[in-house]
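# Residue-level structural notes
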Amino acid sequence: MPRFFPSLRRAVAIAGLSVAFLAGMGAARAESGPVILAQHPGTELDRQARRLVVQDLHDAANQHEQPVLLTGSGQLADNPRRMALFVQLQSASLCGSAGCSTSVYLPDGRKWTLVLDSVSGPITITPQMHGGMHDLLVDDTDRWIWNGTTYIDTQAAAGPSPAPAGR
């Protein structure tokens, strides 16, 4: 067993997550590069994701759908407690013309915090960082940066033009 594993195990205990999740068992991990989403039935990753999207799963069941749950994980910072959980549900009622949306969660004590909600397109963890967290690139063109509590879009709509100076 590698020497880093005991410290990883302590970090997992602090974050309140299972060792299986943070060690990446049953999940594709990325430190920088594309986030790979896939089905991981029966894994801790799948169990955690199902808890987070329970309402969406319930709503889909009411429409007689059985969505496909895709998950992935990625290291967003040097801190092992910043292992993100990427979750995507695929079904006719949940996916639109832009495709299916993916949400990103970070562990926060014994719960998960949504840090990026409902983006469509492939996600890449970039080497560039803001606030100690890797930037996320969505659909190869849309950069999201960490503001200390969540990811924000750098392509936000421009505000109103300033009033002209002088009369």
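Overview of the structure.

Rules behind the numbers
Residues numbered from 1 in each chain as written. Predicted model: local features only at pLDDT ≥ 70, side-chain atom pairs only at ≥ 80, totals over all residues. Heavy atoms only, no water. Pairing = 2+ DSSP bridges. Helix = DSSP H or I, 4+ residues; strand = E, 2+ residues; numbered from the N terminus. Phe/Tyr/Trp six-rings, centres within 6.5 Å; stacked < 30°, edge-to-face > 60°. Buried < 20%, exposed > 50% of the residue type's maximum accessible area, 1.4 Å probe, protein only. Disulfide = S-S within 2.5 Å. Axes fitted to C-alpha atoms, helices over the stretch in contact; angles between N-to-C directions. Contact = heavy atoms within 4.5 Å.

Strand pairing in a sheet takes place through backbone hydrogen bonds and is either antiparallel or parallel in direction. Overall, antiparallel pairing links the 5 strands, which are arranged 1-6-7-8-9 in an open sheet. Every other strand in the sheet has two partners, leaving strand 1 (33–34) and strand 9 (151–153) as the edge strands with one partner each. In the sheet, strand 6 (residues 123–130) pairs with strand 7 (residues 133–138) via 5 bridges, with the strands oriented antiparallel. Following the sheet pairing, Met129 is matched in strand 7 by His134.

To continue, consider the packing of aromatic side chains. Within this structure, the stated rule accounts for 1 aromatic pair. Considering the side-chain rings of Trp146 and Tyr151, the 5.2 Å spacing of their centres and the 65 degrees angle between planes classify their relative orientation as edge-to-face. The pair Trp146 / Tyr151 is uniform in exposure class, with both members buried.

On to the pairing of strand 3 (residues 83–90), then. Summarising burial for strand 3: 7 of the 8 residues are buried, a large majority. Summarising the sheet, strand 2 (residues 68–75) and strand 3 pair through 8 bridges and their orientation is antiparallel. Residue Thr71 lies in a different strand from strand 3, and its bridge partner there is Val87. Pairing geometry for strand 3 and strand 4 (residues 101–108), over 4 bridges, is antiparallel. Bridge pairing links Gln88 to Thr102 in strand 4.

Okay, the state of the cysteines next. Linking two cysteines covalently through their sulfur atoms gives a disulfide. Overall, the coordinates contain 1 disulfide when judged by the stated rule. Two residues, Cys95 and Cys100, share a disulfide whose sulfurs are 1.8 Å apart. Residues Cys95 and Cys100 are joined by a disulfide whose S-S torsion is about 100 degrees; by sign, that bridge is right-handed.

What follows concerns the sheet that holds strand 5 (residues 111–120). Read across the open sheet, the 4 strands follow the order 2-3-4-5; overall the sheet is antiparallel. Strands at the two margins of the open sheet, each flanked by one partner only, are strand 2 and strand 5. On average, each strand axis in the sheet is tilted by 25 degrees relative to the strand beside it, whichever way the strands run. Packed on one face of the sheet, helix 3 (residues 44–52) meets strand 2, strand 3, strand 4 and strand 5 and runs near 110 degrees to strand 2.

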